[in-house]
Amino acid sequence: MDIHTNIPLKNYTTMKLGGNARFIADILKPEDVPPLLDKASQQSLPVAILGGGSNTIVRDEGYDGIVLRIRIPGITTISEELNSVTIKIGAGELWDNVVAYAVDLRLSGIEAMSAIPGTAGAAPVQNVGAYGQEIADTLVSLEAYDTEARTFVTLMNEDCRFSYRNSIFRDDAKGRYVITSITLQLSKNLPSPPFYDALQRYLDEHNITAYTHQAIRDAVIAIRKDKLPDPTERPNTGSFFKNAIIESWQLPDIQAIDPDVPYYDMGDGRYKIPTGWLIEKVGLKGKLLHGMRVHEKNALVLINESAGSYADLAEAREEITTAVRAMFRIEISQEPLELPS
Ligand SMILES: Cc1cc2nc3c(=O)[nH]c(=O)nc-3n(C[C@H](O)[C@H](O)[C@H](O)COP(=O)(O)OP(=O)(O)OC[C@H]3O[C@@H](n4cnc5c(N)ncnc54)[C@H](O)[C@@H]3O)c2cc1C
């Protein structure tokens, strides 16, 4: 196993910002994890985990420890039931390859999550989701190395405590588990409506009535291509902010500020408000702030156009959150996690 020294982390993250890692090591199989953690604790070095770096922001000071880059490969069918198939995926597989694999086998459950960048192992961390599907819907279990108990464990879906863009891996168990594989149960049925509004609209506009797995995947890829900047051309982390969640009693106050505010009932006394709409309303859509462009088509996305450092990004973030707070009294929060946390 190779350990590299003093490596610029901006080369390993899609926002292309921030300092160097003191050490970086590629994890190609689960058994690589324990000896590296032993080495780190012998040298009193902290350990961070990285997949494809598409939801990670690196600060300018870099990381004075060991970054484990998870590259464990493999997709295998482990069982077939009457209406479903269960597959196990190495944490380092690219998520979109997993979706393509499922679609090729005509299995449904993740096709609407086509073209999300990053690795399979990172997908449970923020309960990735798009166009009405999230990984919590199909994940049966995952295998991980528990850095506290110093042993491999299996966590079942309910152990992960999934919620909107969240799980224990971003919350009270942050940094504790190195996920080495995930297991998904996918349906043998065709994708079926109701589909997410934007997806249904695209299908209708293109007269697509045969809802095959491939048709849904192609539609999602086309919608995303139009709406989201390609991180290889315009560095970004997808949605930079989470959508705002408010309590029901807050809604009338916000409607008094702007009666057109869009909101989605979450069914638990709370409402979700699109943060992109809030940013647009404060007049920042398309603006360049400290080298960070608020995306012209989707104000939730920040693009690193000419920012030289994390400090530039932090200033842009501050301007945006302050403007939204001043107008709507809503606190918006960042989606990508930071290194060091
Ligand atoms: C253009 C674009 C579009 C996007 N669209 C979406 C979208 O539609 N929906 C959505 O949910 N997200 C979206 N994202 C965000 C991102 O793709 C996902 O969060 C993805 O799961 C991140 O994967 P990654 O491997 O790049 O994670 P990284 O950025 O490498 O890691 C993210 C976090 O997970 C932890 N982590 C990574 N791997 C492991 C592991 N094996 N074990 C334990 N912890 C781990 C890291 O420590 C870090 O805290 C988008 C990003 C971009 C750039």
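Residues numbered from 1 in each chain as written. Predicted model: local features only at pLDDT ≥ 70, side-chain atom pairs only at ≥ 80, totals over all residues. Heavy atoms only, no water.

A. Layout of the domain arrangement of the protein chain. When cut into domains, the protein chain gives domain 1 (3–70), domain 2 (75–222) and domain 3 (236–339). Placing a centre on the C-alpha atoms of domain 1 and another on those of domain 2 gives a separation of 25 Å. When the two sides are added together, the surface that domain 1 and domain 2 hide from each other amounts to roughly 1,000 Å², 70% of it contributed by carbon and sulfur. A per-residue breakdown of the area domain 1 buries against domain 2 is headed by Leu37, Ile49 and Ile70, which together make up 38% of the total. Our count for the domain 1 to domain 2 interface comes out at one salt bridge. Taking the shortest distance from any N to any O, the salt bridge between Asp38 and Arg150 comes out at 3.0 Å. Counting across the interface, domain 1 meets domain 2 through two residue pairs in polar contact (both at pLDDT 80 or more). Considering every element that reaches the side of domain 1 that touches domain 2, the biggest residue donor is helix H1 (residues 33–42), with five residues. A class-by-class count of the residues in the side of domain 1 that touches domain 2 yields six nonpolar, five polar and two charged. (Domains from an automatic or database assignment. Buried area = accessible area lost by both parts, 1.4 Å probe. Salt bridge = Lys/Arg side-chain N within 4 Å of Asp/Glu carboxyl O. Polar contact = N/O pair within 3.5 Å; in protein donor to acceptor, adjacent residues only side chain to side chain. Helix = DSSP H or I, 4+ residues; strand = E, 2+ residues; numbered from the N terminus. Nonpolar A, V, L, I, M, F, W, Y, C, P; charged D, E, K, R; others polar.)

B. Spotlight on the sheet that holds strand E1 (residues 3–8). Ordered in space as E1-E2-E5-E3, the four strands form an open sheet in which the pairing is mixed. Here the strands that pair on one side only, and so sit at the sheet edges, are E1 and strand E3 (47–50). Neighbour-to-neighbour, the strand axes of this sheet turn through a mean angle of 35°, independent of strand direction. (Pairing = 2+ DSSP bridges. Axes fitted to C-alpha atoms, helices over the stretch in contact; angles between N-to-C directions.)

C. Examining the site of the ligand more closely. As a matter of local geometry, the ligand sits amid 32 residues, with Ile49, Gly51, Ser54, Thr56 and Thr119 nearest to it. Between an oxygen atom of the ligand and a main-chain N or O atom of Ile49, the distance comes to 2.6 Å. (Near = heavy atom within 4 Å.)

D. Structural detail: the packing of helix H3 (residues 197–205) against helix H4 (residues 213–227). Where H3 contacts H4, the two axes come as close as 10 Å, and the packing angle between them is 105°. By the angle between their directions, the pair H3 and H4 is classed as roughly perpendicular. Every residue of H4 that contacts H3 at Ala198, Leu199, Tyr202 and Leu203 is listed here: Ile216, Ala219, Val220, Ala222 and Ile223. A per-class count over the contact of H3 with H4 returns nine nonpolar, no polar and no charged. (Parallel < 35°, antiparallel > 145°, perpendicular 65-115°, else oblique. Contact = heavy atoms within 4.5 Å.)

E. Quick look at the packing of aromatic side chains. Counted under the stated rule, the structure contains seven aromatic pairs. Between Phe169 and Tyr177, the ring centres sit 6.0 Å apart and the planes meet at 85°, which makes this aromatic pair edge-to-face. Judged by its relative accessible area of 12%, Tyr177 is buried. Plain terms: the ring middles of Trp277 and Phe328 are 5.7 Å apart, the flat faces sit at 50° to each other, and that makes the pair tilted. One end of the pair, Trp277, is in helix H6 (residues 275–281); the other, Phe328, is in helix H7 (residues 310–328), and 51 residues separate them in sequence. A relative accessible area of 15% means that Trp277 is categorised as buried. When its relative accessible area of 2% is taken as the criterion, Phe328 is described as buried. (Phe/Tyr/Trp six-rings, centres within 6.5 Å; stacked < 30°, edge-to-face > 60°. Buried < 20%, exposed > 50% of the residue type's maximum accessible area, 1.4 Å probe, protein only.)

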